[in-house]
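Fold and contact review
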Protein chains: 2
Amino acid sequence: MTETTEHGRPGRWRSGAESRERILNAARALFRERGYGSTTVRAVAAEAGVDPAMVFYFFGTKQGLFAAATEMPTHLPGAIESIFTDGLDDLGERLVRTLVENLDASDRAPLVALTRSATTHDESATLLREFIEREITDRLAALVGTPDAVWRAGMVNVQILGITVARYIARIEPIASAPVDELAARFGPLVQHCLTGPPG
Amino acid sequence: MTETTEHGRPGRWRSGAESRERILNAARALFRERGYGSTTVRAVAAEAGVDPAMVFYFFGTKQGLFAAATEMPTHLPGAIESIFTDGLDDLGERLVRTLVENLDASDRAPLVALTRSATTHDESATLLREFIEREITDRLAALVGTPDAVWRAGMVNVQILGITVARYIARIEPIASAPVDELAARFGPLVQHCLTGPPG
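Remember, predicted model here, so these are calculated numbers, not experimental data. (Residues numbered from 1 in each chain as written. Chains lettered and ligands numbered in written order. Predicted model: local features only at pLDDT ≥ 70, side-chain atom pairs only at ≥ 80, totals over all residues. Heavy atoms only, no water.)

**Details of the packing of aromatic side chains**
Residues and elements named next belong to chain A. Using the following cut-off: Only centres within 6.5 Å qualify two rings of Phe, Tyr or Trp (six-membered ring in Trp) as a pair; their planes then separate them into stacked at under 30 degrees, edge-to-face at over 60, and tilted for everything else. Only DSSP runs of H or I covering at least 4 residues are called helices, and only runs of E covering at least 2 are called strands; the numbering of each starts at the N terminus. Summary of the burial criterion: residues with accessible area below 20% of their type's maximum are buried, those above 50% are exposed, and those between are partly exposed, where the area comes from a 1.4 Å probe applied to protein chains only. Here, a charge over a ring is recorded when the distance from Lys NZ or Arg CZ to the ring centre is within 6 Å and its angle to the ring normal is within 35 degrees.
According to the stated counting rule, one finds 16 aromatic pairs over all chains in the structure shown. A ring pair is formed by Phe31 and Phe66, whose centres lie 5.2 Å apart and whose planes are at 90°; its orientation type is edge-to-face. Of this pair, Phe31 sits in helix 1 (residues 16-34) while Phe66 sits in helix 4 (residues 62-69); the two residues are 35 residues apart in sequence, bridging distant segments of the chain. Owing to a relative accessible area of 1%, Phe66 belongs among the buried residues under this scheme. Each member of the aromatic cluster is reached from another via a ring pair, and the members are Phe31, Tyr36, Phe66 and Phe131. For Lys62, the ring lying beneath its charged end belongs to Tyr36, and the centroid distance is 4.7 Å.

Quick look at the structure:
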């Protein structure tokens, strides 16, 4: 039997938008089923019936695919990447500035949806947790490299979550209305203190 | 016309549970309509058709009434109260310990419901924000008393929101499973640094 789309065209002629949607559906199913760490781009491509190159074409990286599948701001993974490229010096201020600049520039709706979803569905909370652990905690801890590195990374995660919730969800002043520069000046040193300050 | 309850009994004979429910409904309506700051216990009592003493009997304080109306853990307002009674010394550790001990001991469902509600309804977010500003930010800022006191209080709010979301909503390790003592030892000094450390 020839596979057909809703519009009756054969599958191999389906449009880019249709392929993209199939990839996203496959990604959501596999991330849910296997978790973030065990889901590969290759497996998602196979499940969606497309070439892995098409997944990379649409979403860049596995993180980008995850961001799109969970409706996270899609440029956030790239922004996270840029934080880790210049080592520990000034990482605190770089992290706060990158986080706030990117979330300020993005549509808030997906962030709100992700938070709501994480409070409603254990599956979403698990995925979000695994993403944060792989993409932020583990990489920060590796950079810090001290015996208490996992704790230091955890304390940085608390800053990220706290700033995000205070500015975009609860909208608590003076966090909600402060310019990026002021947030970077206030929270940058605090994040740096978490990373490289004297052990607690 | 004689007011009757669902069970047909005259209003003045209604049970404690019925009165409590009427008070909560009146409180929800007035908090929504007037905000947290402008809603008085007297006005809620009048709206519910009960004596103000009955509101205090059921809910202790306006904060307690707010906690019940928004399904916040009901002992949280009393716990917040206890943080401010011993001045600035060791306030950081006292705050983290009180927050975590109380939330650990409580049913998580209301906290999750409050967070979900704050991401779904602007009204809930506004109320939550006003409660935090009146009951935490303003009081911390008054205690600190420096020109940058409002920022210091805001940074403490970020710690509170971040720890709460990391431990109970996103459940990120090592924050999620750490014993209270370790959290107090790690985050207590950080909160104290926000309050009384060198200006950022």
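**Description of the interface of chain B and chain A**
Interfaces are often sized by the accessible area lost when the parts come together. The condition is simple: Note on definitions: a residue-residue contact is assigned when non-hydrogen atoms from the two residues lie within 4.5 Å. The buried area of a pairing is the accessible area, by a 1.4 Å probe, that goes missing from both parts when the two are put together, added over both. Salt bridges, as used here, are contacts in which a Lys or Arg side-chain nitrogen is within 4 Å of a carboxyl oxygen on Asp or Glu. Here a polar contact is taken to be a pair of N or O atoms separated by no more than 3.5 Å, where protein atoms must pair a possible hydrogen donor with a possible acceptor and residues adjacent in sequence count only if both atoms sit in side chains. Each residue is assigned to one of three groups, with Ala, Val, Leu, Ile, Met, Phe, Trp, Tyr, Cys and Pro labelled nonpolar, Asp, Glu, Lys and Arg labelled charged, and all others, Gly among them, labelled polar.
Listed as interface residues are 40 residues of chain B and, on the opposing side, 41 residues of chain A. Here chain B and chain A share an interface that buries about 3800 Å² over both sides, 71% of which is from carbon and sulfur atoms. Counting the contacts that link chain B with chain A gives zero salt bridges. Counting across the interface, chain B meets chain A through five residue pairs in polar contact (both at pLDDT 80 or more). Where the side of chain B that touches chain A is concerned, the elements lending two or more residues are helix 7 (108-120), helix 8 (122-144), helix 9 (149-169) and helix 10 (180-196) of chain B. It is helix 9 of chain B that contributes the most residues to the side of chain B that touches chain A, 13 residues altogether. Along the lines of polarity and charge, the residues of the side of chain B that touches chain A split into 22 nonpolar, nine polar and nine charged.

**Comments concerning the confidence of the model for chain A**
Residue and element names in this part refer to chain A. What counts here: Per-residue confidence from the prediction method is given by pLDDT, with values spanning 0 to 100.
Mean pLDDT for chain A: 83, with 82% of residues reaching 70 or above. Across chain A, helix 2 (residues 41-48) holds the top mean pLDDT of 96, while helix 7 (residues 108-120) sits lowest at 63. Taken as a whole, residues 1-10 scores under 50 in pLDDT and shows 13 contacts with residues more than four places along the chain or in a different chain. Interface predicted TM-score (ipTM) for the complex: 0.74; the corresponding pTM is 0.75.

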